[in-house]
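# Structural characterization, general
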Amino acid sequence: MSVKPTVLKLGGSVITDKGKKLTPNLPAIERLTKEISRANVSSLVLVHGGGSFGHPVAEQYSLAEGYKDSSQIMGFSMTHQAMTKLNKLIVESLINHNIPAVEVQPSSCVVTKAGRIQIIEDRPLRKMLEMGFVPVLYGDTVFDSETGFDILSGDQLVSSLAINLNAHRIVVGVDVNGLYTGDPKTDSAARLIRHVTLEELKKLEHRIEGSKVTDVTGGMLGKIFELKPAVEQGIQTIIVNATESNRVYKALKGEEVVGTIIER
Ligand SMILES: Nc1ncnc2c1ncn2[C@@H]1O[C@H](COP(=O)(O)OP(=O)(O)OP(=O)(O)O)[C@@H](O)[C@H]1O
Ligand SMILES: [Mg+2]
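Along each chain, the written sequence defines residue order, and numbers are assigned to residues from 1. Chain letters start at A and ligand numbers start at 1, both assigned in the order the entries are written. Only residues with pLDDT of 70 or above have their local features reported here, since the model is predicted, and side-chain atom pairs are shown and tallied only from 80 upward, although totals for entire chains, interfaces and linings are computed over all residues. To get the side-chain values, take all heavy atoms of the structure and skip hydrogens and water.

### What about the sheet that holds strand β4 (residues 110-113)?
Basically, it comes down to this: Each pair of strands is called paired provided DSSP finds at least two bridges between the two strands. Secondary structure elements follow DSSP: runs of H or I of four or more residues count as helices, runs of E of two or more count as strands, with numbering from the N terminus. All axes are obtained by fitting lines to C-alpha atoms, using only the stretch in contact for helices, and the reported angles, taken between N-to-C directions, cover 0 to 180 degrees. Two residues qualify as a contact provided that any one of their heavy atoms is within 4.5 Å of a heavy atom in the partner residue.
Spatially, four strands are ordered β5-β4-β7-β8 in an open sheet, and the strand pairing comes out mixed. Strand pairing shows two members of the sheet lacking a second neighbour, β5 (116-120) and β8 (148-152), which therefore form its edges. Pairwise comparison of adjacent strand axes, ignoring direction, gives a mean angle of 45° for this sheet. In this sheet, β8 lies alongside strand β7 (residues 140-144) in antiparallel orientation, the contact comprising five bridges. If you follow Phe 143 over to β8, its bridge partner there is Phe 149. In the packing of helix α7 (residues 154-164) onto the sheet, contacts are made with β5 and β8, and the angle to β5 comes to roughly 50°.

### Some points on the side chain of Glu 35
Note the threshold: Burial classification: accessible surface area is computed with a 1.4 Å probe over protein chains only, and a residue below 20% of its type maximum counts as buried, one above 50% as exposed, and the rest as partly exposed. Contacts described as polar in this section are N or O atom pairs within 3.5 Å, which, within protein, must combine one atom able to donate a hydrogen with one able to accept it, while residues neighboring in sequence count only if both atoms come from side chains.
Counting through the fold element by element, Glu 35 comes out in helix α2 (residues 26-39). The exposure class assigned to Glu 35 is buried, which follows from its relative accessible area of 3%. Within the structure, the side chain of Glu 35 is placed 3.1 Å from the backbone nitrogen of Tyr 249, a separation counted as a polar contact. Discounting chain neighbours no more than four positions away, the residues touching Glu 35 are Glu 244, Ser 245, Asn 246, Arg 247, Val 248 and Tyr 249.

### What about helix α6 (residues 123-130)?
Put simply, the test is: Of all possible arcs, the one meant is that of the directions from the helix axis to the C-beta atoms.
Along α6, the residues that are buried comprise Leu 125, Met 128 and Leu 129. Taken down its axis, α6 places every buried residue within 95° of arc, on the same side. Turned more than 90 degrees away from the buried face of α6 sit Arg 123 and Glu 130, all of them exposed. In this structure, the buried residues of α6 make contact with β2 (44-48), β3 (101-103), β6 (134-138) and α7. Gly 132, located one to two residues past α6, shows a positive phi value of around 90°.

### Regarding the pattern of salt bridges
Here is the rule we go by: In the sections that follow, a salt bridge refers to a side-chain nitrogen of Lys or Arg positioned within 4 Å of a carboxyl oxygen of Asp or Glu.
Throughout the structure, instances matching the rule amount to 13 salt bridges. Put simply, Asp 122 and Arg 126 hold a salt bridge, and the shortest N to O gap is 3.2 Å. A network of salt bridges, in which partner residues are shared, links Lys 9, Asp 155 and Lys 223.

### Re the packing of α2 against helix α4 (residues 71-96)
This is how the line gets drawn: Note on terminology: angles under 35 degrees are roughly parallel, angles over 145 are roughly antiparallel, angles of 65 to 115 are roughly perpendicular, and the others are oblique. Crossing handedness is defined as follows: a turn of the near helix away from the far one that is anticlockwise and smaller than a right angle gives a left-handed crossing, while the clockwise case is right-handed. In this count, Pro and Cys sit with the nonpolar residues alongside Ala, Val, Leu, Ile, Met, Phe, Trp and Tyr, while Asp, Glu, Lys and Arg are called charged and the others, Gly among them, polar.
Contact geometry for α2 and α4: axes closest at 9 Å, N-to-C directions at 45°. Between α2 and α4, the angle falls in the class oblique. In this structure, α2 crosses over α4, and the sense of that crossing is right-handed. Mapping the contact onto sequence places Leu 26, Ile 29, Glu 30, Thr 33 and Ile 36 in α2 and Leu 89, Ile 90, Ser 93 and Leu 94 in α4. Class assignment for the residues of the contact of α2 with α4 results in six nonpolar, two polar and one charged.

Dropping the structure here:
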C-alpha cells in the first residue's frame, strides 16, 4: 500500500448516549463527519464502537462469555442488528459529506479464537483503501472457533487493522480528554496524562478502570490493553476527546491537540 493509512476509532461513548439504550448522538455524528471531511486524510479506516447500541443487549445475553445455551442465539442476532443500525447512521452521514464510505461487517469477515482475532478476510478492505474508499467497521458480534461466538471490540479491531495495514497513525476518540491517572468521571483528583510510554503505562495500569456505564469490552482499561501491541510496532497513537470540537480534526492532521500520546 503506497500511502500509510490512518485508523480512526469513534467511541461509542461519543456517537451514542451510553446511558440510554439505542440512542444515537446525531449532532456528534454530524459534527465528526464534517471534521473528517475537512481533514481530508488520504487513506482512512474508520472503526466505531457500540455504545448504547452494542453493549446493553450483549450484556443481557452474556455474549462475551461465549455460547452456553440456545437462548443466546437471538441475543447475537439482535446485538448485530443494533450495530448495523448505528453503522448505517455513520455511513449515511459520511456519504452526505461526500466521503466514499463503505460498511465492512466484522461478523462476516472475522473469526476469533477465544476472543482474539484469528482470521480476518481483509482483501476487500485493502482494495477499498487502494481505490480511495473509506471502510467503516465496528465493534460487533463475531463467530469464535473455540467458544461459538464472542464480542469483538472496536478497540481490538483498531489495533489489529493498524498493525496489518502498517498504519501511520491511530486516533482514538472518547468522551474524556484522554488517559487520566484515574477515571475522571469518578475521581476528581484524576490528572490528564499528556504523554506516556509503554514502560510508564505498566506502573499506571492498576489505576485505569473499565467504564462507569455498561461496557462489555472493558472500557478504558480494555482500550489500553488493545492499543499496546500497535504502539509496540511504533504506530503513533493518540487518545482525544471527540465530544469537543476540532480535537479529532487536529489529531487527524497531526496538529498539536489536547489528548494522550502513547509511545514506545
Ligand atoms: N484512567 C482513565 N482515564 C480516562 N478514562 C477512564 C479511565 N478509567 C476509566 N475511564 C472511563 O473510560 C471511558 C471510556 O471508555 P468506554 O469504553 O466507556 O468508551 P468507548 O470505548 O468510547 O465506548 P465503546 O466501547 O462503546 O466504543 C470514559 O468515559 C471514562 O469514564
Ligand atoms: Mg469501550
